[in-house]
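Structural overview
Below are the chains, spelled out letter by letter.
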Amino acid sequence: MQERLQKIIARAGIASRRKAEGLIRQGRVTVNGQVVREMGAHADPEQDHVKVNGKLLQPEPKAYFAVYKPQGHLSAASDGAGRPVVTDLVRSGARLYPAGRLDFNSEGLVLLTNDGALTRNLTRAGNVDKRYRVKVSGCPDEESLKRLRAGFQAGGSGFAPCRIFSLKRGSNCWFEVVLREGKNRQIRRMFEAVGHPVMRLRRIAIGPIRLAGLKPGESRKLTPGEIERLKDSAGMKG
């Protein structure tokens, strides 16, 4: 993930951002062997070799967290409007980002990491199952559910086929939905298209990682075994 050079240097503990700008102007910073003097220059700390005075900056250790995002938190690392963000829920010195989205009014599992390669693989459409528990207004009939499962066009967007399992029927119904793509507000838009707006939505799993055991606002580190299984599921074997 590209970042400003002065931010990368400051986070490495070499100098403050202001002093890092001076180092850049003085030609004491190189990226992949090339001297960089532009203040707006960017680099990827995971992929690029950034050196200050000839010394290679070491990337920060990889960190992996499972978080139960409550409703009313953004799936983001910051927000210009000052709204709460999911990274507020984890105490870590690592520069964490959510590996995928979960909309503001939804709750459930979000993965936070500084592993850019894993994030890219997890967010690539079709790579990893995402599993949700969904309560909708009323109960869609079987024809509507068949339409949702098969994939369809609505509101100018195309939705890929998905799996939907009935959990509880009543005046309002609960379903388990499994997606392999993750368009913005996809499940809400799908059920709205068949006349049954979503009342509650909770993501309970991303690939092999489960929400079980976490309460809203809580987080935990992934175990080495979970990280390995998650990478396998995202097509990162070996």
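Look above for the structure.
Description of the structure in this document. Everything numeric in this text was worked out from a predicted model, so none of it was measured.

Quick look at the overall build of the protein
Across its full length, the protein holds six helices and 17 strands. Its C-alpha atoms give the protein principal-axis dimensions of about 70 × 40 × 40 Å. Here the protein, with 238 residues, has 45% of them falling under the buried criterion. At a minimum sequence separation of 6, the contacts of the protein that also span at least 24 residues come to 63%. When the accessible surface of the protein is summed, it comes to about 12,300 Å², and 47% of that surface belongs to carbon and sulfur atoms.

Some details on the packing of aromatic side chains
According to the stated counting rule, one finds two aromatic pairs in the structure shown. With 5.5 Å between their ring centres and 50° between their planes, Phe152 and Phe159 make a pair best called tilted. We note that Phe152, like Phe159, is buried. One Lys or Arg, Arg83, reaches over the ring of Phe104 and ends 5.7 Å from the middle of that ring. Seen from the ring of Phe159, Lys183 lies directly overhead, with NZ or CZ sitting 5.8 Å from the centre.

What about the sheet that holds strand 2 (residues 29-31)?
Sheet architecture is open: four strands sit in the order 3-2-5-6, paired in antiparallel fashion. Where the open sheet ends on each side, the last strands, each with one partner, are strand 3 (34-35) and strand 6 (55-56). The sheet contact formed by strand 5 (residues 50-52) and strand 6 spans two bridges and is antiparallel. Residue pairing in the sheet places Lys51 in a bridge with Leu56 of strand 6.

Description of the state of the cysteines
Applying the stated criterion across every chain yields a total of one disulfide. The side chain of Cys139 participates in a disulfide bridge whose partner is Cys173; the two sulfur atoms lie 1.6 Å from each other. Judged by the sign of its S-S torsion, about 75°, the cystine formed by Cys139 and Cys173 is right-handed. Highlighted residues: Cys139 in the loop between strand 10 (130-136) and helix 4 (142-150) and Cys173 in strand 14 (residues 173-179), separated in sequence by 34 residues. Cys173 provides the cysteine sulfur closest to Cys162, a residue in no disulfide bond, and the two sulfurs are 16 Å apart.

Criteria and cut-off values
- Along each chain, numbering runs from 1 in the same order as the chain's sequence is written.
- In view of the model being predicted, local features appear only for residues whose pLDDT reaches at least 70, and side-chain atom pairs are presented and counted only at 80 or more, with totals across whole chains, interfaces and linings using the full set of residues.
- Based on all heavy atoms of the structure, the side-chain values leave hydrogens and waters out of the count.
- Under the DSSP-based scheme used, a helix requires at least four consecutive residues in state H or I and a strand at least two consecutive residues in state E, with every element numbered from the N terminus.
- Between buried and exposed lies partly exposed: a residue is buried under 20% and exposed over 50% of the maximum accessible area for its type, with that area taken using a 1.4 Å probe on protein chains only.
- A contact between two residues is defined here by any heavy atoms of the two lying within 4.5 Å.
- Values of accessible area rely on a 1.4 Å probe in the Shrake-Rupley scheme; residue burial ignores everything except the protein chains shown.
- Between the rings of Phe, Tyr and Trp (Trp by its six-membered ring), a pair exists once the centres lie within 6.5 Å; its type follows the angle of the planes, with under 30 degrees stacked, over 60 edge-to-face, and the other angles tilted.
- Think of it as a cone above the ring: NZ of Lys or CZ of Arg counts as a charge over the ring if it is within 6 Å of the ring centre and within 35 degrees of the ring normal.
- One requirement defines pairing of two strands: DSSP has to find at least two bridges between them.
- Only a pair of cysteine sulfur atoms within 2.5 Å counts as a disulfide in this structure description.

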